Amino acid sequence: MASILGAYSISYKGLKFGKHSFDFEINNDFFAEFPEGEVKEGTLTAKVMMNKQNNLLEFDIVIKGKVKVTCDRCLEQFFLPIEYKGFLVAKIGNEEVEDQADIIFLTEDDHEVNLAQYLYESIHLSLPLKRYHGLKGSSIEDCDQEMLKYIKFEDDNQAEVDPRWQALKDLLNNNN
């Protein structure tokens, strides 16, 4: 694992049973370690509450901040506020088992757990499918007005309907 991602590890071997709190800063250096990702810039904080039990670690994770995305309307980049809340379980044992969704497996020889990949994936999962200025507190005025001139917005009620579709719609309305 690259040195920058090592900062997202929690050494749990020497910790007492119970709850422990950790804070992580996520910035452009973090995203540079994942060159294939969509997000290249951002400033976020991850608050991790770990509950250490016998052979089990439970993580409550909250990520807040903003990431740079491309507007689906005007194609300009802007910072979109995001928030993610998740729960991760790490089971400690001698058996070799493949990780599952929200469950990772550690061996008895492990002494730390690295959350970098989980944080990276969680940030991407928190992104909405449609991203545009005016979403989640971002400013709609920042949308490129020159580009918007080329987009034709139509009101569904005003748009001309193909007569074939209108005939089918009339049949549907007559059957009700």
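Structure first, text after, so check above.
First, a word on scope: everything that follows refers to the structure included in this document.

Analysis parameters
Residues numbered from 1 in each chain as written. Predicted model: local features only at pLDDT ≥ 70, side-chain atom pairs only at ≥ 80, totals over all residues. Heavy atoms only, no water. Helix = DSSP H or I, 4+ residues; strand = E, 2+ residues; numbered from the N terminus. Buried < 20%, exposed > 50% of the residue type's maximum accessible area, 1.4 Å probe, protein only. Contact = heavy atoms within 4.5 Å. Polar contact = N/O pair within 3.5 Å; in protein donor to acceptor, adjacent residues only side chain to side chain. Pairing = 2+ DSSP bridges. Phe/Tyr/Trp six-rings, centres within 6.5 Å; stacked < 30°, edge-to-face > 60°. Salt bridge = Lys/Arg side-chain N within 4 Å of Asp/Glu carboxyl O.

**So, the side chain of His133**
Next, step 1: For His133, the location among the structural elements is in the loop between helix H2 (116-125) and helix H3 (145-148).
Next, step 2: Taking relative accessible area as the criterion, His133 reaches 2% and is therefore assigned buried.
Next, step 3: In contact with His133, not counting residues within four places along its chain, are Cys71, Arg73, Cys74, Glu76, Phe78, Ser138, Ser139, Ile140, Asp142 and Cys143.

**What about the side chain of Ser9?**
Next, step 1: Structurally, Ser9 is set in strand E1 (residues 9-11).
Next, step 2: Using a relative accessible area of 18% as the deciding quantity, one classes Ser9 as buried.
Next, step 3: Separated by 2.8 Å, the side chains of Ser9 and Asn114 make a polar contact.
Next, step 4: Discounting chain neighbours no more than four positions away, the residues touching Ser9 are Phe24, Glu112, Val113 and Asn114.

**Some thoughts on the pairing of strand E5 (residues 77-92)**
For a regular strand, side-chain orientation follows a simple rule: the groups alternate between the two sheet faces.
Next, step 1: Taken together, the 15 bridges between strand E4 (residues 56-70) and E5 define a ladder with antiparallel strand orientation. The partner of Asp60 across the bridge, within E5, is Phe87.
Next, step 2: Looking at chain direction, E5 and strand E6 (residues 103-106) are connected through 4 bridges and run parallel. If you follow Val89 over to E6, its bridge partner there is Ile103.

**A few points about the environment of Phe105**
Next, step 1: Take Phe105: it is sitting in strand E6.
Next, step 2: For Phe105, a relative accessible area of 22% gives the class partly exposed.

**A few points about the packing of aromatic side chains**
Next, step 1: A complete count under the given rule lists 6 aromatic pairs for this structure.
Next, step 2: Aromatic pair Tyr84 and Tyr118: ring centres 6.4 Å apart, planes at 70°, arrangement edge-to-face. Of this pair, Tyr84 sits in strand E5 while Tyr118 sits in helix H2; the two residues are 34 residues apart in sequence, bridging distant segments of the chain. Accessibility assignment for this pair places Tyr84 and Tyr118 in one class, buried.
Next, step 3: Taken together, Tyr8, Phe24, Phe30, Phe31, Phe34 and Tyr120 form an aromatic cluster joined through their ring pairs.

**Examining the environment of Pro128**
Next, step 1: Structurally, the position occupied by Pro128 is in the loop between H2 and H3.
Next, step 2: Spatially, the C-alpha atom of Pro128 lies 9.8 Å from that of Leu80, the residues being 48 residues apart in sequence.
Next, step 3: Setting aside its immediate chain neighbours within four residues, Pro128 contacts Leu80 and Leu135.

**Regarding the pattern of salt bridges**
Next, step 1: Enumeration over the complete set of coordinates arrives at 4 salt bridges.
Next, step 2: As a salt-bridge pair, Arg131 and Glu38 come within 2.3 Å of each other at their nearest N and O atoms. Note that Arg131 is positioned in the loop between H2 and H3 and Glu38 in the loop between helix H1 (28-32) and strand E3 (42-53), a separation of 93 residues in sequence.
Next, step 3: When its relative accessible area of 14% is taken as the criterion, Arg131 is described as buried.
Next, step 4: Lys85 is the partner of Glu83 in a salt bridge, and the nearest nitrogen-oxygen pair spans 3.8 Å.
Next, step 5: Here Lys85 falls in the exposed class, since its relative accessible area comes to 61%.

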